[in-house]
Amino acid sequence: MKKNNETGYALTRRNFLKGGIFLVLSGFTGIEGQTKSYSFPEKEVNKNIPYKISGWSGDNYDIAHSFRDGFVPPMPKADEKKDLVVIGAGLSGLTVAYKLRDRDLMVLEYDSKTGGNAKSLIWEGKYFNIGSVYFAAITEDYRILYDETGITPRKVEGPVETWKIGNEFVNEPFEDENMAGLKPNLRKKMICLKKALKNIYDSDDFPENPYENTSSKSLALDKITFAEWLKPYINEDLKAFMDTYCYSAMGGSSDTVSAFGGINFYASEIEGDTYSFSGGNSQIAMALVKGIDRAGKNRIKTSSYVYKIKQERDDKISVYYFQNGQARAVEAKKVVIATPYFIASRLTDGMSDGQKEALRAQQYGSYITANLRFNRIVHSSSYLTTTPDAGAFTDFASVFWPEHPGRKKGDCQIITCFAPFKDPVMGRCQMMLASKEYIAGRIVNAFEKILPGSTKYLEEVYLTRWGHAIIINRPYMYTRWLPAIKKNTGSIYLSHSDGQGLPAMENSLGEAFRTVKEIQQAE
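So, how was this worked out
- Residues numbered from 1 in each chain as written.
- Predicted model: local features only at pLDDT ≥ 70, side-chain atom pairs only at ≥ 80, totals over all residues.
- Heavy atoms only, no water.
- Helix = DSSP H or I, 4+ residues; strand = E, 2+ residues; numbered from the N terminus.
- Buried < 20%, exposed > 50% of the residue type's maximum accessible area, 1.4 Å probe, protein only.
- Salt bridge = Lys/Arg side-chain N within 4 Å of Asp/Glu carboxyl O.
- Pairing = 2+ DSSP bridges.
- Expected span 1.5 Å × (residues − 1).
- Phe/Tyr/Trp six-rings, centres within 6.5 Å; stacked < 30°, edge-to-face > 60°.
- Polar contact = N/O pair within 3.5 Å; in protein donor to acceptor, adjacent residues only side chain to side chain.
- Disulfide = S-S within 2.5 Å.
- pLDDT = per-residue confidence, 0-100.
- Contact = heavy atoms within 4.5 Å.
- Axes fitted to C-alpha atoms, helices over the stretch in contact; angles between N-to-C directions.
- Left-handed = near helix turned anticlockwise from the far one by under 90°.
- Nonpolar A, V, L, I, M, F, W, Y, C, P; charged D, E, K, R; others polar.

(A) Up close: unusual backbone geometry. Following Gly-158, the chain continues into Pro-159 via a peptide bond in cis, with omega recorded as -5 degrees. The residue Pro-159 is located in the loop between β8 (154–155) and β9 (161–165) in this model. Residue Pro-210 is reached from Asn-209 by a cis peptide bond, and omega for that bond is 5 degrees. Checked against the element boundaries, Pro-210 lands in the loop between α5 (184–201) and α6 (216–219). With a phi close to 50 degrees, Ser-303 is a non-glycine residue in the positive phi region. Looking at the element boundaries, Ser-303 is found in the loop between β12 (300–301) and β13 (304–313). For Tyr-476, which is not glycine, the phi torsion reads 75 degrees and is therefore positive. The residue Tyr-476 is located in the loop between β20 (458–471) and α15 (477–485) in this model. Of the residues examined, Tyr-476 reaches a relative accessible area of 39% and is grouped as partly exposed.

(B) Local environment of the pattern of salt bridges. This model, assessed by the stated rule, comprises 23 salt bridges. For Lys-239, the salt bridge goes to Asp-255, with nearest N and O atoms at 2.8 Å. Separated by 16 residues along the polypeptide, Lys-239 in helix α8 (residues 236–250) and Asp-255 in the loop between α8 and α9 (259–271) bring together distant segments of the chain. Here Asp-255 falls in the partly exposed class, since its relative accessible area comes to 46%. With a shortest N-O distance of 2.8 Å, Arg-313 and Asp-315 are connected by a salt bridge. For Asp-315, a relative accessible area of 41% translates into the label partly exposed. Beyond isolated ion pairs, a larger network of salt bridges with shared partners links Glu-212, Lys-486, Glu-511, Arg-514 and Glu-518.

(C) Geometry of the pairing of β13. Two strands pair when backbone bridges link them, and β13 and strand β14 (residues 316–323) are joined in this way by eight bridges, in the antiparallel orientation. Residue Lys-310 lies in a different strand from β14, and its bridge partner there is Ser-318.

(D) Representation of helix α14 (residues 436–450) within the structure. Compared with the 21 Å implied by 1.5 Å per residue over 15 residues, the 21 Å span of α14 between its first and last C-alpha is a close match. Turning to α14, its buried residues are Glu-437, Tyr-438, Ile-439, Ala-440, Gly-441, Ile-443, Val-444, Ala-446, Phe-447 and Ile-450.

(E) Quick peek at the packing of aromatic side chains. In the structure shown here, the tally under the stated rule is 23 aromatic pairs. Taken together, a centroid distance of 4.2 Å and an interplanar angle of 40 degrees make the contact between Phe-260 and Tyr-478 tilted. You can see Phe-260 sitting in helix α9 and its partner Tyr-478 sitting in helix α15, a full 218 residues away along the chain. Here Phe-260 and Tyr-478 have matching classes, each one buried.

(F) The side chain of His-379, seen in detail. For His-379, the position within the fold is in the loop between β16 (364–374) and β17 (384–386). A distance of 3.1 Å separates polar atoms of two side chains, one belonging to His-379 and the other to Thr-385.

(G) Expanded view of the pairing of strand β5 (residues 105–108). Burial of the side chains of β5 extends over both faces: Leu-105 and Val-107 are buried on one face and Met-106 and Leu-108 on the other. Where strand β4 (residues 80–87) and β5 come together, four bridges link them in parallel fashion. Among the inter-strand pairings, Ile-87 is bridged to a residue of β5, identified as Leu-108. Sheet topology places β5 next to β12; two bridges connect them, and they run parallel. By the bridge assignment, Val-107 is partnered in β12 with Ile-300.

(H) Inspection of the side chain of Ser-276 at higher detail. When you line up the elements, Ser-276 lands in strand β11 (residues 275–276). For Ser-276, a relative accessible area of 2% gives the class buried.

(I) Here's a closer look at helix α2 (residues 91–99). Burial within α2 is extensive, with eight of its nine residues counted as buried. All buried positions along α2 are accounted for by Leu-91, Ser-92, Gly-93, Leu-94, Thr-95, Val-96, Ala-97 and Tyr-98.

(J) Local environment of the state of the cysteines. Using the criterion set out here, one finds zero disulfides in the structure. This cysteine, Cys-246, is not joined by any disulfide, and Cys-192 carries the nearest cysteine sulfur, 19 Å off. Classification of Cys-246 by relative accessible area gives buried; the value is 0%. Left unpaired, Cys-417 is separated from the closest cysteine sulfur, that of Cys-412, by 14 Å. Judged by its relative accessible area of 0%, Cys-417 falls in the buried class.

(K) Structural context of the confidence of the model for the protein chain. Looking at the protein chain as a whole, its pLDDT mean stands at 88, while 90% of the residues score no less than 70. Low pLDDT, under 50, characterises residues 2–44; the predicted model gives this stretch 166 contacts beyond four residues in sequence or across chains.

(L) Spotlight on the packing of helix α3 (residues 140–149) against helix α10 (residues 282–295). It is at 9 Å that the axes of α3 and α10 come closest, and there the two elements cross at 60 degrees. Seen along the crossing, α3 lies across α10 with a hand that is left-handed. Contacts from Leu-145, Tyr-146 and Thr-149 of α3 reach α10 at Ile-284, Ala-287 and Leu-288. Considered class by class, the residues forming the contact of α3 with α10 number five nonpolar, one polar and no charged.

Laid out in structure tokens, this is it:
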């Protein structure tokens with residue numbers, strides 16, 4: 001994420017039981033204690049709660065799991081022909097379609113709404129995000145795209161981040177004046193870490209994206225974990241905050257993620273700026289949809305689940321999908337698969353065994369977002385707050401802060417809590433089986449623990465589940481897996497933030513720009 005130039009991507013994070021069923025749970029985050037076994041009989045669910053629970057939107061696994069479990073779908077003849085078919089209407093897919101909008105194209109999206117992880121909802125005319133909430137530095141390519149689509153990024157005014165340390169909220173904890181009141185051992189380690197991050201951030205060997213343009217010295221960081229790199233600079237107290245950040249941003253602890261990815265994200269958090277759109281990251285997705293529609297109506301088909309891509313010849317690719325319960329097919333000259341990589345591996349046979357192996361080797365974090373709507377301002381310290389002791393979530397964002405920083409009075413505040421699972425597989429099980437009362441209750445109780453007295457003003461909780469939202473940036477992502485994946489596949493292209501190994505809005509856009517360039521150069 002580092003610098004404002006035309007070749008570097010700017011990165012930051014985020015740029016989400018009924019009956020006597022037993023689940024092995026790890027809690028919502030990796031910060032809680034050891035894994036336990038819990039029972040959730042219906043009688044234990046308290047439905048006499050003083051707040052409304054809405055939503056439970058997000059990922060729906062039913063169709064995908066039917067294929068996984070052996071369902072053999074029909075293969076109908078194509079009833080349409082297109083120059084280009086884009087699979088996936090997240091930010092990368094929408095950006096590809098927007099940049100190539102003057103072509104005869106179709107976009108197929110399995111969800112009922114476009115945007116991928118950059119979706120939002122509206123409450124009394126105010127947007128709030130159910131996925132990614134902010135991004136970082138703006139390169140020239142991004143600025144041109146924002147100008148074309150008529151949206152203006154807003155630099156988030158500080159304090160941008162707060163750490164909950166014991167009973168205190170410490171704003172901008174790495175600022176020298178704010179470290180003064182910390183415990184001596186923690187302060188000493190934070191000074192060491194800040195210096196180490198700044199040194200590597202300012203060097204020519206900063207591990208930035210696109211990783212293809214980085215130095216061999218920075219790529220060596222891909223062969224160790226972030227925890228290994230951090231070891232000389234942190235103690236146990238500081239590691240708790242690093243792990244909390246890593247779970248939220250990259251789906252795993254510092255012991256799991258690569259030093260390349262960890263340094264890329266965290267150094268950029270410390271040294272760079274933070275941006276948002278009025279209404280959140282969903283605004284770029286909505287602007288892209290409008291741009292695509294202006295060039296030709298009804299080309300984005302939602303609730304359309306693609307289950308097979310078959311390349312007949314170089315300029316003839318059959319794409320099979322379900323729409324409204326009916327199997328359909330479209331013939332295309334080119335196809336862009338703008339989905340998470342683990343899905344791409346299951347769609348087409350036109351990849352080498354090495355590519356498929358590398359695609360299927362990727363692991364994904366699962367998480368829940370809970371938007372808590374209060375009838376007054378309950379927290380006004382900063383935009384983002386990191387909370388290792390919360391247990392049920394890692395951090396939260398004050399939705400209206402970018403437009404009204406520091407506002408202390410008002411009749412509404414929406415706070416977005418991010419609740420990643422320590423064990424993603426068990427997390428996906430819980431999201432399918434647990435009651436929303438149980439999940440909301442844990443998050444609300446944890447929020448009350450962090451801000452005593454706040455939840456008496458809580459009116460509504462909106463839950464969203466994300467089953468495979470964050471690719472886990474494990475070691476050898478850049479030196480083994482991605483080089484094996486990103487090979488020419490004829491007229492089928494991959495375009496997703498997974499292509500840079502880190503879940504960020506900027507990576508989605510950057511990979512889309514790369515894909516568009518490859519398509520144009522091939523012609």
